[in-house]
Amino acid sequence: MAEQKMLKFVNVDRDMPEKRVPNLRTSDFDEIYQQFAAEKAAEQSSRCSQCGVPFCQDHCPLHNNIPDWLKLTAEGRLQEAYEVSQATNQFPEICGRICPQDRLCEGNCVIEQSGHGTVTIGAVEKYITDTAWEQGWVQPIKPFAERTESVGIIGAGPAGLAAADVLRRAGVQVTIYDRYDRAGGLLTYGIPGFKLEKEVVERRNGQLAEGGVTFKLDCNVGEDISFAELRKTHDAVLIGTGVYKSRDLGGPGAGLNGIVKAIDYLTASNRQNFGDTVPEIDSGELWAEGKNVVVIGGGDTAMDCVRTAIRQGATSVKCLYRRDRQNMPGSLRETANAEEEGVEFVWLSAPKGFAGDDKVTGVYVQQMRLGAPDVTGRQAPEEIPGAEYLEKADLVIKALGFEPEELPTLWDTPELEVTRWGTVKADFVSKRTALEGVYAAGDIVRGASLVVWAIADGRDAAGSILADLNAKSAIAAE
């Protein structure tokens with residue numbers, strides 16, 4: 001049964017939106033993809049209206065020149081299309097796979113707005129970059145000239161990797177410090193392999209390493225090396241740690257065994273797929289096979305959890321969310337994929353407590369309704385008096401979002417200013433903090449957000465670092 005579920009739902013819709021192919025094995029999919037990808041890419045690209053107001057480009061955080069590379073793809077000029085795409089995006093094949101295009105470029109496509117169905121921008125972006133790698137069009141990082149300045153980057157996630165790419169191409173000496181044993185951050189350990197194949201991330205990490213970026217992994221800043229030491233070692237430091245502190249749930253029974261954090265669950269699954277020994281999976285603690293799984297939350301992380309549980313062979317998977325479908329923060333495309341795979345969404349429902357003695361056996365669910373809008377304009381959920389029930393559960397996964405860790409305390413750097421939410425205070429454009437030579441980018445500044453925003457922030461931070469290094473060099477030369 002688990003085998004059948006795992007094979008049934010290959011993510012065909014992203015590459016061939018008109019063809020939902022049931023019971024498709026990965027090997028079959030690869031063959032079909034090779035046969036139809038070029039044809040589909042040209043067909044979809046030719047649908048671009050080349051409108052005078054490219055809303056797709058405006059709604060892309062990277063402001064990718066989407067109409068131009070679609071036109072080049074339609075004309076069969078794939079290498080040029082790749083070069084245009086790569087010019088504004090360090091990792092187009094990653095964004096093509098995991099960006100919520102339905103909320104960004106594709107959702108604002110003029111053809112989509114006119115009711116004729118969007119151009120599948122993400123699928124085309126993925127295709128042209130995958131083709132570029134296969135054909136050898138992706139050039140290694142070879143700076144025109146080496147510079148003596150060095151930059152230390154804390155965090156090997158998308159913000160740090162994007163900044164490293166820009167800085168290294170400019171000849172700056174770059175060292176990335178990360179607490180994990182593999183680079184990539186959530187790209188490696190947070191996002192499931194069925195959405196983002198790990199060899200895609202490892203390929204980019206390899207390109208950076210071969211281009212001269214130094215990775216210091218299994219290195220926890222504040223323990224293995226101090227923040228003060230990093231500042232002394234490097235001409236500039238970029239903070240790109242992301243946000244990893246999971247929001248928690250209280251209530252009766254909240255400490256029962258079988259109630260786990262989403263990041264722990266997803267990391268364990270990804271580690272297993274790498275071939276690592278994962279004791280929590282071997283013991284069944286972080287494994288869903290044969291269990292009734294309840295995931296709490298409505299964001300993209302929750303979608304990753306429910307779809308992973310399906311692939312692990314869960315008996316049932318239910319997702320509780322306190323608002324309705326229209327008000328959920330996650331991608332509607334992801335939700336639709338999850339429903340097709342057998343996930344049941346229980347809208348307007350919130351956990352009130354957990355049943356069980358030592359191990360969880362159920363979730364006490366409070367039914368909700370939408371009341372007056374909150375400060376963000378979203379309708380605030382409120383309890384329906386007397387509307388409660390017990391939902392059976394053998395594994396409960398908390399996917400409630402992430403918050404920043406207390407970096408000033410962890411790094412013994414009280415002068416590092418943070419907001420009331422705990423995010424690092426940095427200029428939103430330049431990414432400069434109040435500390436000389438210290439910059440911050442990605443989720444640690446804006447809060448939990450999208451990978452594409454982290455890439456944009458990392459790129460912008462690198463631009464500011466280069467500008468400041470150039471200014472110092474000019475002054476020193478006078």
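Scoring rules and cut-offs
Residues numbered from 1 in each chain as written. Predicted model: local features only at pLDDT ≥ 70, side-chain atom pairs only at ≥ 80, totals over all residues. Heavy atoms only, no water. Helix = DSSP H or I, 4+ residues; strand = E, 2+ residues; numbered from the N terminus. Rg over C-alpha atoms; globule rule 2.2 N^0.38 Å. Contact = heavy atoms within 4.5 Å. Areas by Shrake-Rupley, 256 points an atom, 1.4 Å probe, with all protein chains shown as cover. Pairing = 2+ DSSP bridges. Axes fitted to C-alpha atoms, helices over the stretch in contact; angles between N-to-C directions. Parallel < 35°, antiparallel > 145°, perpendicular 65-115°, else oblique. Left-handed = near helix turned anticlockwise from the far one by under 90°. Salt bridge = Lys/Arg side-chain N within 4 Å of Asp/Glu carboxyl O. Buried < 20%, exposed > 50% of the residue type's maximum accessible area, 1.4 Å probe, protein only. Nonpolar A, V, L, I, M, F, W, Y, C, P; charged D, E, K, R; others polar. Phe/Tyr/Trp six-rings, centres within 6.5 Å; stacked < 30°, edge-to-face > 60°. Right-handed = clockwise from strand over helix to strand, strands pointing away. Arc of directions from axis to C-beta. Polar contact = N/O pair within 3.5 Å; in protein donor to acceptor, adjacent residues only side chain to side chain.

Novice: Which residues make up the overall build of the chain, and what are the values?
Specialist: Along the chain, the regular secondary structure elements total 19 helices and 15 strands. On C-alpha atoms alone, the chain measures out to a radius of gyration of 23 Å, which is about the 23 Å that the 2.2 N^0.38 rule sets for 478 residues. Projecting the C-alpha coordinates of the chain onto the three principal axes gives extents of approximately 75 × 55 × 50 Å. In the chain, 68% of the contacts between residues at least 6 apart in sequence involve partners at least 24 apart. Summed over its atoms, the accessible surface of the chain is roughly 20900 Å², and 50% of this surface lies on carbon and sulfur atoms.

Novice: Please set out the sheet that holds strand E9 (residues 344-346) residue by residue, giving values where relevant.
Specialist: Strand order in the open sheet formed by 5 strands is E6-E13-E7-E8-E9, and the pairing between neighbours is parallel. Each edge of the sheet is formed by a strand with only one pairing partner; in this case those strands are strand E6 (259-261) and E9. Strand after strand, the sheet turns through a mean of 25 degrees between neighbouring axes, direction not considered. Bridge analysis of strand E7 (residues 292-296) against strand E13 (residues 395-398) gives 4 bridges, and the strand direction is parallel. The residue of E13 that forms the bridge with Ile296 is Lys398. Docked against the sheet, helix H13 (residues 262-274) engages E6 and E13, running at close to 75 degrees with respect to E6. Sheet strands in contact with helix H15 (residues 300-311) are E7, strand E8 (316-320), E9 and E13, and its direction is about 170 degrees off that of E8.

Novice: Quick rundown of the packing of helix H9 (residues 158-169) against helix H19 (residues 451-477)? Include the residues and the values.
Specialist: Contact geometry for H9 and H19: axes closest at 7 Å, N-to-C directions at 40 degrees. Accordingly, the angle class assigned to the pair H9 and H19 is oblique. Of the two elements, H9 crosses H19, and the hand of that crossing is right-handed. Along its contact with H9, which presents Pro158, Ala159, Ala162, Ala163, Val166 and Leu167, the element H19 presents Val451, Ala454, Ile455, Gly458, Arg459, Ala462, Ile465 and Leu466.

Novice: Tell me about the pairing of strand E11 (residues 360-373), residues and numbers included.
Specialist: As paired elements, strand E10 (residues 349-356) and E11 share 7 bridges and run antiparallel to each other. What sits directly across from Gly353, in E11, is Tyr364. Counted along the chain from E10 to the antiparallel partner E11, the turn is 3 residues long. Bridge count for E11 against strand E12 (residues 379-392) is 9 bridges, and the pairing is antiparallel. Following the sheet pairing, Arg369 is matched in E12 by Glu382. If you look at the hairpin formed by E11 and E12, you'll find 5 residues sitting between the two strands, and Gly377 has a positive phi there, around 95 degrees.

Novice: So, the pattern of salt bridges: which residues are in play, and what are the values?
Specialist: If the charged atoms of two oppositely charged side chains come close together, the side chains can form a pair. Evaluation of the coordinates by the stated rule reveals 38 salt bridges. Where Lys126 meets Asp130, a salt bridge forms, and the shortest distance between an N and an O atom there is 3.5 Å. Of the two residues, Lys126 and Asp130 are both situated in helix H8 (residues 121-135); the distance of 4 residues between them amounts to about one turn of the helix. When its relative accessible area of 8% is taken as the criterion, Lys126 is described as buried. Among the ionic contacts, a cluster of salt bridges with common partners joins Lys195, Asp304, Arg307, Arg311, Glu334 and Glu341.

Novice: Could you give an account of the packing of helix H5 (residues 78-88) against H8, naming the residues involved and the relevant values?
Specialist: Two elements in contact, H5 and H8, have axes whose closest approach is 9 Å; the angle formed by their N-to-C orientations is 110 degrees. On the basis of the axis angle, H5 is roughly perpendicular to H8. Between H5, through Leu78, Ala81, Tyr82 and Ser85, and H8, the contact on the second element is made entirely by Glu125, Tyr127, Ile128, Thr129, Thr131 and Ala132. Of the residues that constitute the contact of H5 with H8, the class distribution is 6 nonpolar, 3 polar and 1 charged.

Novice: Lay out the packing of aromatic side chains with the relevant residues and their values.
Specialist: One pass over the full model with this rule turns up 5 aromatic pairs. Ring geometry for Tyr180 against Tyr244: centres 6.0 Å apart, planes inclined by 45 degrees, an arrangement best described as tilted. Note that Tyr180 is positioned in the loop between strand E2 (173-177) and helix H10 (186-189) and Tyr244 in the loop between strand E4 (236-239) and strand E5 (245-246), a separation of 64 residues in sequence. The class for Tyr180 is buried, based on a relative accessible area of 19%. Among the residues examined, Tyr244 registers a relative accessible area of 17% and is labelled buried. Taking the centre distance of 5.0 Å and the plane angle of 15 degrees together, the rings of Phe227 and Trp411 count as stacked. Here the residue Phe227 occupies a position in helix H12 (residues 227-233), and Trp411 occupies one in the loop between helix H17 (407-410) and strand E15 (438-440), the gap between them amounting to 184 residues.

Novice: Now, about the sheet that holds E15: what can you tell me, with residues and values included?
Specialist: Within a sheet, each strand pairs with its neighbour through backbone hydrogen bonds, oriented either parallel or antiparallel. Overall, parallel pairing links the 5 strands, which are arranged E3-E2-E1-E4-E15 in an open sheet. Both edges of this open sheet fall to strand E3 (214-216) and E15, since each of them pairs with a single strand only. The average undirected angle you get between the axes of adjacent strands in this sheet is 20 degrees. Across 3 bridges, the pairing between E4 and E15 is parallel. Residue pairing across strands places Leu238 opposite Tyr439, the latter belonging to E15.

Novice: Mind laying out the pairing of E2, listing which residues take part and the relevant values?
Specialist: In terms of burial, E2 is largely enclosed, as 4 of its 5 residues are buried. Relative to E2, strand E1 (residues 150-154) runs parallel, the two sharing 5 bridges. Paired with Gly152 across the strands is Thr175, a residue of E2. Read from E1 through H9 to E2, the crossover connection turns out right-handed. For E2 and E3, the ladder comprises 3 bridges, and the chain directions are parallel. Note on E3: the bridge partner recorded for Tyr177 is Lys216.

Novice: So what about helix H16 (residues 332-340)? Which residues, and what values?
Specialist: The complete set of buried residues in H16 reads Glu334, Thr335, Asn337 and Ala338. Looking straight down H16, one finds that the buried residues subtend no more than 160 degrees of arc, so they occupy a single side. Of the residues flanking the start of H16, the one acting as N-cap is Ser331, its side-chain oxygen 3.2 Å from the backbone nitrogen of Arg333. Downstream of H16 by a residue or two, Gly342 has a phi angle that is positive, lying close to 110 degrees.

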